[in-house]
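Read off the chains here:
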Amino acid sequence: MSLTGTPFFLATIALVVVTVLLPLLLWGRVRGPAVVRGTARLVMVVSAQAAAVLSVFVMVNNTNGLYDSWADLLGTGHHIVAAPSLGRDGLGEHGRLANEPKVVQDFSLTHDARMGRGVRVTQLNGRVSRVRGEVYVWLPPQYGQPAFRHRKFPVVELLGGFPGSAKAWFGSLRVQSQLESGMRSGRIAPFILVEPRTNLLAGQDTGCANVPGVVDAESWLSVDVRQMVTDTFRAQSRASGWAVAGFSAGAHCAVKMALAHPDRYRAAVGLSGYNDPAAERVSLTARDPKLRRVNNPLWILRHAVTPPPVALYLSGGLNDGYRDGLALRQAAVFPTRVAVAEVSGPHTIGLWKRQVPQVFRWLTAELAPYQGGGARAKGI
């Protein structure tokens, strides 16, 4: 039974009802010595409490997209085949991807009602990173229309937090549901939305970094997933047609990857993120002083040979991303541009969900000069 499925959630509710009713029905009927009666009653009380905790956990997990499966929750999933040293560019021996066979994937529509209509999924084996995991894709309304059959579309790669599900943006933030009407009318650019798995190590946040011998998470996201999308769909391949957006730990990843790879991304969005990897208690990169330093977006920006031609949109509470955003804005030198917005609210899905329309209006303005603006869907 699926961890995130409706049947399991209903089963936990039924279990709560049963474990609460049992003490009411059996409390006075327990027979035997005092120690036996006490133990039986204690078991009933503890069972009711455990069932209630389980039901609340499942509800919170489904709402916030923390764990996709039992394997994610228990740490038994295997997503790393190998972790070779790939060098500074994260390509290793695959330095010229254009000369290698295309990575064309078969996609199928998801059957998860929480994801909404039109979301497709594939299982990708990363040729460069040697990571394997699911990638979800949603195509804009214009994609299938004859008038746009020769059009290549801009892409936004979406990253969740930690622990995090690859379904979070579609299932919890309802990103496509919030944007579809705006795309049809032309107010929002017709972005291809891509959400890959970021939870690769049991109980550890990879920081979307390449750590030889452990994981090549950055190459998975910025090379393998990106290459697969451009090979499989009519997606723009240049950096000018790509952006990356994330919340919480995913915000840290998005900003870091865009600053480190302006040849792959033109814009990045960070919602309630941070600069120092140590802000995440179980961060893999925070354990090593060098990794902690070179994976800090502020360090990357300050030590860039030339200012990266990247636009950043950063939002958060005063001590939950806003001050980190101000530090990046202060360090930025043109053509790097940084917009910072202070928002109020807890570090939750609800805060990020309500920012989705503003974020994509900003992305439309940033990427529109490179893809012809927000195109109205024919007949709408």
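Residues numbered from 1 in each chain as written. Predicted model: local features only at pLDDT ≥ 70, side-chain atom pairs only at ≥ 80, totals over all residues. Heavy atoms only, no water.

Participant: How do you make sense of the sheet that holds strand β9 (residues 267–271) when you look at a structure like this?
Facilitator: Across a sheet, strands are paired by hydrogen bonds formed along the backbone, either parallel or antiparallel in direction. With mixed pairing, the nine strands of this open sheet are ordered in space as β1-β2-β3-β5-β4-β8-β9-β10-β11. Every interior strand has two partners, whereas the edge strands, β1 (108–109) and β11 (337–342), have only one. Judged from the two bridges that link them, β1 and strand β2 (residues 119–125) form a sheet pairing that is antiparallel. Each residue of the ladder has a partner; that of Ser108, found in β2, is Val121. (Pairing = 2+ DSSP bridges. Helix = DSSP H or I, 4+ residues; strand = E, 2+ residues; numbered from the N terminus.)

Participant: Looking at this model, I keep getting lost on a nonpolar patch on the surface. Mind explaining?
Facilitator: Side chains of Leu10, Ile13, Val17, Val18, Val20, Leu21, Leu22, Leu24, Leu25 and Leu26 sit close together on the surface and give an oily, nonpolar patch of about 860 Å² of accessible area. Looking at the secondary structure, you find Val20 in helix α1 (residues 6–26). (Patch = residues over 30% accessible without salt bridge, like charges linked within 9 Å, V, L, I, M, F, W, Y side chains within 5 Å. Areas by Shrake-Rupley, 256 points an atom, 1.4 Å probe, with all protein chains shown as cover. Salt bridge = Lys/Arg side-chain N within 4 Å of Asp/Glu carboxyl O.)

Participant: What should I look at first to understand empty space enclosed by the protein in this one?
Facilitator: Think of a ball as big as a water molecule: rolled over the atoms, this probe shows where empty space is left. One pass over the full model with this rule turns up two cavities of 30 Å³ or more. Estimated volume of the largest cavity: approximately 110 Å³. Around the largest cavity sit 15 residues that line it, and Val255, Gly273, Tyr274, Asn275 and Leu314 are the ones nearest its centre. Contributing elements (two or more residues each) for the lining of the largest cavity: α7 (249–260), β10 (311–316) and α10 (322–331). Taken together, the residues that form the lining of the largest cavity break down as six nonpolar, eight polar and one charged. (1 Å grid on protein atoms, 1.4 Å probe; cavity = no way out; pocket = protein on both sides within 12 Å on 5 of 7 lines; lining within 4 Å. Points joined across faces, edges and corners; volume = space filled by probe spheres on them. Nonpolar A, V, L, I, M, F, W, Y, C, P; charged D, E, K, R; others polar.)

Participant: Mind showing me how you'd approach unusual backbone geometry here?
Facilitator: In most cases, non-glycine residues show a negative phi, while peptide bonds are predominantly trans. Cis rather than trans, the peptide bond between Phe162 and Pro163 has omega equal to -10°. Relative to the assigned elements, Pro163 resides in the loop between β4 (155–159) and α4 (168–172). In this structure, the amide linkage connecting Phe334 to the following residue, Pro335, adopts the cis form with an omega of 15°. With respect to the secondary-structure elements, Pro335 resides in the loop between α10 and β11. Even without a glycine there, the phi angle at Arg130 is positive, about 60°. Examined against the element boundaries, Arg130 turns out to sit in the loop between β2 and β3 (132–138). The class for Arg130 is partly exposed, based on a relative accessible area of 37%. (Buried < 20%, exposed > 50% of the residue type's maximum accessible area, 1.4 Å probe, protein only.)

Participant: How do you make sense of the layout of surface pockets when you look at a structure like this?
Facilitator: By volume, the largest pocket is sized at about 920 Å³. Contributing to the lining of the largest pocket are 32 residues, with Arg88, Glu218, Ala260, His261 and Val294 lying nearest its centre. For the lining of the largest pocket, the secondary-structure elements that each account for two or more residues are α7, α8 (289–294) and α9 (297–302). Among the residues forming the lining of the largest pocket, the class breakdown is 16 nonpolar, eight polar and eight charged.

Participant: Would you explain the state of the cysteines in this entry?
Facilitator: Each disulfide is one covalent bond, formed between the sulfur atoms of two cysteines. Evaluated as defined, the whole model comprises one disulfide. Covalent S-S linkage joins Cys208 and Cys253, the inter-sulfur distance amounting to 2.1 Å. Handedness of the Cys208-Cys253 disulfide follows from its S-S torsion of about 90°: it is right-handed. Pair noted here: Cys208 is in the loop between β5 (192–196) and β6 (210–211) and Cys253 is in helix α7, with a separation of 45 residues, a long-range link. According to the relative accessible area criterion, Cys253 is buried, its value standing at 4%. (Disulfide = S-S within 2.5 Å.)

Participant: Hey, could you run me through the packing of aromatic side chains in this one?
Facilitator: Applying the stated criterion across every chain, the model contains nine aromatic pairs. Measuring from ring centre to ring centre gives 6.4 Å for Tyr143 and Phe233, while their planes differ by 75°; the resulting arrangement is edge-to-face. Here the residue Tyr143 occupies a position in the loop between β3 and β4, and Phe233 occupies one in the loop between α6 (217–232) and β8 (242–247), the gap between them amounting to 90 residues. On the accessibility criterion, Tyr143 (13% relative accessible area) is buried. The class for Phe233 is buried, based on a relative accessible area of 11%. Lying over the aromatic face of Phe153, Arg151 brings its terminal NZ or CZ to 5.8 Å of the ring centre. Here the guanidinium or amino end of Arg226 rests over the ring plane of Trp242, the centre of that ring lying 4.7 Å away. (Phe/Tyr/Trp six-rings, centres within 6.5 Å; stacked < 30°, edge-to-face > 60°. Lys NZ or Arg CZ within 6 Å of the ring centre and 35° of its normal.)

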